[in-house]
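Notes for the structure review
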Amino acid sequence: LSLTSLSAVAATEMPPLPDVTGDVVKGDGNDYNLKFNIGLTQSSAQYRGLEYFKKIVEQRSDDHIKVQTFHSAQLGDDLQSVSALQAGTLDMTAPSTSPMVSMFPQFAVFDLPFLFPTPEIADKVLDGDIGQQMLKDASTKGLVAIGWSENGYRQLTNSEHAVTSPADLDGLKVRTMQNPIHLDIWRTLGANPTPMSFAELFTALEQGVVDGQENPWITIESSKFNEVQPYATETNHVYTPFITLVSERTWNRLPESYQQLLRDAAKQMGDYERHVSRVMNDQIKQELKDDGMKITELTPEQVAVFQQDLAPVYDDWRDKIGGDLIDRIRAESKVDSK
Ligand code: TF8
């Protein structure tokens with residue numbers, strides 16, 4: 001995968017998908033149709049990843065598996081899609097981990113503020129023992145978890161004023177994901193958080209039901225939040241993964257060779273999608289600036305104020321999530337900075 005081939009990535013202009021590597025996989029002679037639905041739009045890195053997944057699976061199954069892609073929550077938002085997988089009415093989805101913490105409490109570790117200082121550390125955690133064990137642990141309750149890609153680092157946007165410190169958040173109505181730690185984060189910072197499905201968010205921002213929201217730059221741009229949110233702050237407060245899920249009912253119908261093909265394709269999608277996401281992230285931030293969005297980049301000292309204020313969130317959640325897991329992730333960061 002070459003970096004130069006991606007240097008032309010822009011919201012409107014995507015590089016060609018990488019070639020598919022690997023031989024054709026023999027199935028059982030049957031044809032399969034997989035419906036794969038995601039929450040973000042066609043111009044997201046997530047959708048780009050989905051297109052690559054489709055290309056790999058169709059090519060390597062010699063078109064015996066057809067992947068039908070759906071974006072923008074066409075077949076439901078994150079939580080509805082997960083329920084549809086459990087019911088067997090949808091085959092695949094890739095939600096943020098955050099709305100799933102009520103099903104899988106350890107996913108809450110991804111909601112802790114500032115736990116993943118760099119994308120490389122996130123990769124080490126997701127692709128290493130911790131992430132791979134989490135995929136196994138989440139392969140229950142009618143779901144099979146087969147890979148990680150990324151939503152990415154979250155940034156705050158709002159309609160009211162520039163935010164440079166927690167004091168600027170006083171009373172600001174911020175939409176959060178349906179997740180208790182996110183509620184805790186924004187309450188602790190002095191904002192007035194409201195959990196809401198992503199599918200309802202644009203309208204809520206447009207109508208002033210909420211003043212702000214937080215999501216990665218790509219999502220801000222691909223969902224056109226910048227059209228109704230003139231201010232942004234580069235907080236990088238949380239790194240959110242996407243988890244690739246298959247309905248267990250679908251999974252059990254597939255021959256083992258095709259199950260392995262889906263695992264391989266999910267891994268390749270994850271590597272590619274994270275790469276596209278990171279390149280697009282920087283370019284889109286610049287595009288948003290050029291388009292007149294007022295983006296506040298925090299100094300390290302200003303970030304430290306947010307971090308200090310959020311320290312109590314760790315005290316509240318450490319035991320519930322598992323202090324050991326948090327410590328193992330922190331240890332990965334230390335190894336990396338040497
Ligand atoms: C959120 C998430 C979403 C994604 C996507 C819609 O804010 O960050 O952007 O989970 O599936 O709800």
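Right above here is the structure, for reference.
Notes on the structure follow. (Residues numbered from 1 in each chain as written. Predicted model: local features only at pLDDT ≥ 70, side-chain atom pairs only at ≥ 80, totals over all residues. Heavy atoms only, no water.)

What follows concerns the site of the ligand. If you check the shell around the ligand, you find Gly 39, Leu 40, Asp 78, Ser 96, Asn 151, Arg 154, Arg 175, Met 177, Phe 198, Asn 215, Thr 219 and Phe 242 and nothing else. A distance of 2.5 Å separates an oxygen atom of the ligand from a polar atom in the side chain of Asp 78. Asn 151 places a side-chain nitrogen or oxygen 2.8 Å from an oxygen atom of the ligand. Burial of the ligand by the protein amounts to 98% of the accessible area it has alone, namely 320 Å². In terms of residue class, the shell around the ligand is made up of four nonpolar, five polar and three charged. Looking at which domains feed residues into the shell around the ligand, each of domain 1 (32–104 + 118–150 + 241–285) and domain 2 (155–238 + 287–337) supplies at least three. (Near = heavy atom within 4 Å. Polar contact = N/O pair within 3.5 Å; in protein donor to acceptor, adjacent residues only side chain to side chain. Areas by Shrake-Rupley, 256 points an atom, 1.4 Å probe, with all protein chains shown as cover. Nonpolar A, V, L, I, M, F, W, Y, C, P; charged D, E, K, R; others polar. Domains from an automatic or database assignment.)

With respect to the helices and strands, the residue Ser 222 is situated in helix α7 (residues 217–222). For Ser 222, a relative accessible area of 7% puts it in the buried group. Residue contacts for Ser 222: discarding those within four places in its chain leaves Thr 41, Ser 43 and Ser 44. (Helix = DSSP H or I, 4+ residues; strand = E, 2+ residues; numbered from the N terminus. Buried < 20%, exposed > 50% of the residue type's maximum accessible area, 1.4 Å probe, protein only. Contact = heavy atoms within 4.5 Å.)

Secondary-structure assignment places Thr 233 in strand β9 (residues 231–234). Thr 233 gets classed as buried once you look at its relative accessible area, which sits at 1%. Expressed as a C-alpha distance, the spacing of Thr 233 and Gly 27, which sit 206 residues apart in the sequence, is 50 Å. Here Thr 233 is in contact with Gln 155, Leu 156, Val 163, Thr 296 and Leu 298, once residues within four sequence places are set aside. A polar atom in the side chain of Thr 233 sits 2.7 Å from the backbone oxygen of Val 163.

To continue, consider unusual backbone geometry. The backbone phi angle of Asp 62 is positive, close to 55°, even though this residue is not glycine. Within the secondary structure layout, Asp 62 lies in the loop between α1 (45–60) and β2 (65–70). Phi is positive for Lys 224, close to 60°, though the residue is something other than glycine. Its location among the elements puts Lys 224 in the loop between α7 and β9. Judged by relative accessible area, Lys 224 falls into the partly exposed class, the value being 46%.

The next subject is the packing of aromatic side chains. Throughout the structure, instances matching the rule amount to ten aromatic pairs. Taking the centre distance of 6.2 Å and the plane angle of 70° together, the rings of Phe 107 and Trp 148 count as edge-to-face. Within this pair, whereas Phe 107 is found in the loop between β3 (92–93) and α3 (119–127), its partner Trp 148 is found in strand β4 (residues 143–153), the two being separated by 41 residues in sequence. Taking relative accessible area as the criterion, Phe 107 reaches 1% and is therefore assigned buried. The rings of Phe 104, Phe 107, Phe 110, Phe 116, Trp 148, Tyr 153 and Tyr 239 are connected pair by pair, giving a single aromatic cluster. Taking the ring centre of Trp 317 as reference, the NZ or CZ of Lys 320 above it sits at 4.3 Å. (Phe/Tyr/Trp six-rings, centres within 6.5 Å; stacked < 30°, edge-to-face > 60°. Lys NZ or Arg CZ within 6 Å of the ring centre and 35° of its normal.)

Without other data, these values stay purely geometric and don't point to any function.
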